[in-house]
Amino acid sequence: MKVRKAVIPAAGLGTRFLPATKSIPKEMIPIIDKPMIQYIVEECVGAGIEDIILITARGKDSIADHFDHSFEVEETLRRKKNDELLAATEKVSKMANIIAVRQKNPMGLGHAVLTARQIVGNEPFAVLLGDDLVVSEKPCIRQCIEIFEERQKSVIGVMKVEKKDTSKYGIVGGKMLNDRLMDVNVMVEKPSPETAPSQLACPGRYVLKPEIFEILANTKPGRGGEIQLTDALAQLATGDGLLAYLFDGRRYDTGDKLGYIEATVAFALKRPDLADGVRKVLAEYLS
Ligand code: G1P
């Protein structure tokens, strides 16, 4: 069955970016001139997904507004004949169908995904976490979907991390089927380097079969007292099966301040309208 829907959990408080996130959702903080969440939605659209289920919370309505028409802005640009900006603005409004659901209690990532159960229904779906941006020729989630379509098993995208960093991620362990694909038999949330089953970490790209919902509904709070998606995936791995795919691409951790700065510089250096200017500015600071 085709993957037509994506769930994007966006209910967090964004504590790592306080005080900026006191009244602005962290997903709306821009990298240059696009809010972070737009890059994630573009990844979905680039993978053929158009129904985006946003898991939000109080005070986060501006995320859904961003993907809606802004009559005043569009009308003003039309009147001023600013066709370029008008096209860019309208493109965002037409990009995807946004369905916003509230996660009323902050009970963890697994609980956030479970909140989408009624809307996803009985079909496979993607999950993308908004703090992780992946730059790749083929969208990262598309790469995972292709493995899902080929093997009909849930797939998570993974990348190799340094041993000291295993405690920041969900880490998989299992048997390599080829250079890039692992048949997962264990998954642990944020293990210490000594106990990590491998150095393959999941930076927030998942393609899941709907069976995960029943597992999540029965998953007890784990690490940090939260219902962990990782714990449900570990159970899936021992039942229906779970694959981990070493995706092709570069990932930026925009939930981290240094990662955010890195992404801003890297994205700016890729923009023809900014690259030369940014290079000059950087050279000045570094000399
Ligand atoms: C979450 C997940 C973790 C995953 C990480 C990716 O953790 O629980 O398994 O590896 O996202 O960014 P968080 O960073 O939200 O604590």
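Within every chain, residues take consecutive numbers counted from 1 along the sequence as written. At least 70 in pLDDT is required for a residue's local features to be given in this predicted model, at least 80 for side-chain atom pairs to be given and counted, and no such filter applies to totals for whole chains, interfaces and linings, which use all residues. Values shown for side chains rest on all heavy atoms present in the structure; no hydrogens or waters enter the calculation.

(A) Geometry of the overall build of the chain. For helices the rule is a DSSP run of H or I covering at least 4 residues; for strands it is a run of E covering at least 2, with both sets numbered from the N terminus onward. A tally of helices and strands in the chain yields eleven helices and 14 strands. Against the 2.2 N^0.38 benchmark of 19 Å for 287 residues, the chain shows a C-alpha radius of gyration of 19 Å, consistent with a compact globule. By principal-axis analysis of the C-alpha atoms, the chain measures approximately 60 × 50 × 40 Å. With a 1.4 Å probe rolled over the protein chains alone, any residue whose accessible area is under 20% of its type maximum counts as buried; one over 50% counts as exposed, and the rest are partly exposed. A burial count over the chain gives 49% of its 287 residues as buried. Using C-alpha atoms as the atom set, the radius of gyration is obtained and then compared with a globule rule of 2.2 Å times the number of residues to the power 0.38.

(B) View of the site of the ligand. Any residue with a heavy atom lying within 4 Å of a molecule or strand is counted as near it. L109, L129, D132, Y169, G170, E189, K190, C202, P203, G204, Q228 and T230 make up every residue found near the ligand. E189 places a side-chain nitrogen or oxygen 2.6 Å from an oxygen atom of the ligand. When residue character is reported, Ala, Val, Leu, Ile, Met, Phe, Trp, Tyr, Cys and Pro are called nonpolar, Asp, Glu, Lys and Arg charged, and the others, Gly included, polar. Looking at the shell around the ligand, its residues break down into five nonpolar, four polar and three charged. Whenever two N or O atoms come within 3.5 Å, that pair is a polar contact, provided that in protein one can donate a hydrogen and the other can accept it, and provided that, for residues adjacent in sequence, both atoms are side-chain atoms.

(C) Up close: helix α4 (residues 83–94). One less than the number of residues in a helix, times 1.5 Å, gives the span that helix is expected to have. A rise of 1.5 Å per residue sets the reference length of α4, with its twelve residues, at 16 Å; its end C-alpha atoms lie 16 Å apart and thus fit the reference within 8%. Along α4, the residues that are buried comprise L86, E90, V92 and S93. Each buried residue of α4 lies within a common arc of 150° when the element is viewed along its axis, so the set occupies one face. Those residues of α4 that are exposed and aimed more than 90 degrees away from the buried face are E84 and K91. Contacts: residue pairs with any heavy atoms within 4.5 Å of one another. Among the structural elements, α1 (36–46), α2 (61–66) and α3 (71–79) are those in contact with the buried residues of α4. Here the arc refers to the directions that run from the helix axis out to each C-beta atom.

(D) Fine view of unusual backbone geometry. With omega at 5°, the peptide bond leading from L18 into P19 counts as cis. Relative to the helices and strands, P19 is located in the loop between β1 (5–9) and β2 (30–31). Phi angles above zero are rare outside glycine, and Q152 is one such case at about 55°. Unlike most non-glycine residues, K190 shows phi in positive territory, near 50°. Assignment of secondary structure puts K190 in the loop between β10 (181–189) and β11 (200–202). For K190, a relative accessible area of 30% translates into the label partly exposed.

(E) Quick peek at the packing of aromatic side chains. Centres within 6.5 Å are what make two rings of Phe, Tyr or Trp a pair, Trp counting through its six-membered ring; a difference in plane orientation under 30 degrees is then read as stacked, over 60 as edge-to-face, and the rest as tilted. Tallied over the entire structure, the rule returns four aromatic pairs. Taken together, a centroid distance of 4.9 Å and an interplanar angle of 5° make the contact between F125 and F213 stacked. Separated by 88 residues along the polypeptide, F125 in strand β6 (residues 125–128) and F213 in helix α8 (residues 211–217) bring together distant segments of the chain. F125 sits in the buried class, given a relative accessible area of 0%. Here a set of aromatic residues connected by ring pairs shows up, and it is made of Y39, Y252 and F267.

(F) Looking closely at the layout of surface pockets. Cavities and pockets are found on a 1 Å grid laid over the protein atoms alone: a cavity is a set of points where a 1.4 Å probe fits but cannot escape, a pocket is an open set with protein on both sides within 12 Å along at least five of seven lines, and a lining residue has an atom within 4 Å of such a point. Grid points are joined across faces, edges and corners, and a volume is the space filled by probe spheres set on the points. For the second largest pocket, the calculated volume is near 590 Å³. As for the second largest pocket, its lining consists of 25 residues, of which D33, K34, Q38, A88 and V92 are closest to the centre. Among the elements of the structure, β3 (34–35), α1, α2, α3 and α4 are those that each provide at least two residues to the lining of the second largest pocket. A total of seven residues in the lining of the second largest pocket trace back to one element, the largest contributor, which is α4. Here the residues of the lining of the second largest pocket are counted per class, giving nine nonpolar, six polar and ten charged.

(G) How the structure looks around helix α9 (residues 229–238). Of all the ten residues making up α9, seven are buried; the element is thus mostly covered by neighbouring parts of the structure. Listed as buried for α9 are L229, T230, A232, L233, A234, L236 and A237.

(H) Inspection of the nonpolar core at higher detail. Only buried Ala, Val, Leu, Ile, Met, Phe, Trp, Tyr and Cys residues count toward a nonpolar core, and they belong to the same one when joined by side-chain atoms within 4.5 Å. If you look at the biggest cluster of nonpolar residues, it comprises 50 residues, and the most contacted ones within it are I8, I31, I37, V41, I49, I52 and F267. Sequence-distant contacts of I37, defined by excluding residues within four places in its chain, comprise I8, E27, M28, L54, I63 and F67.

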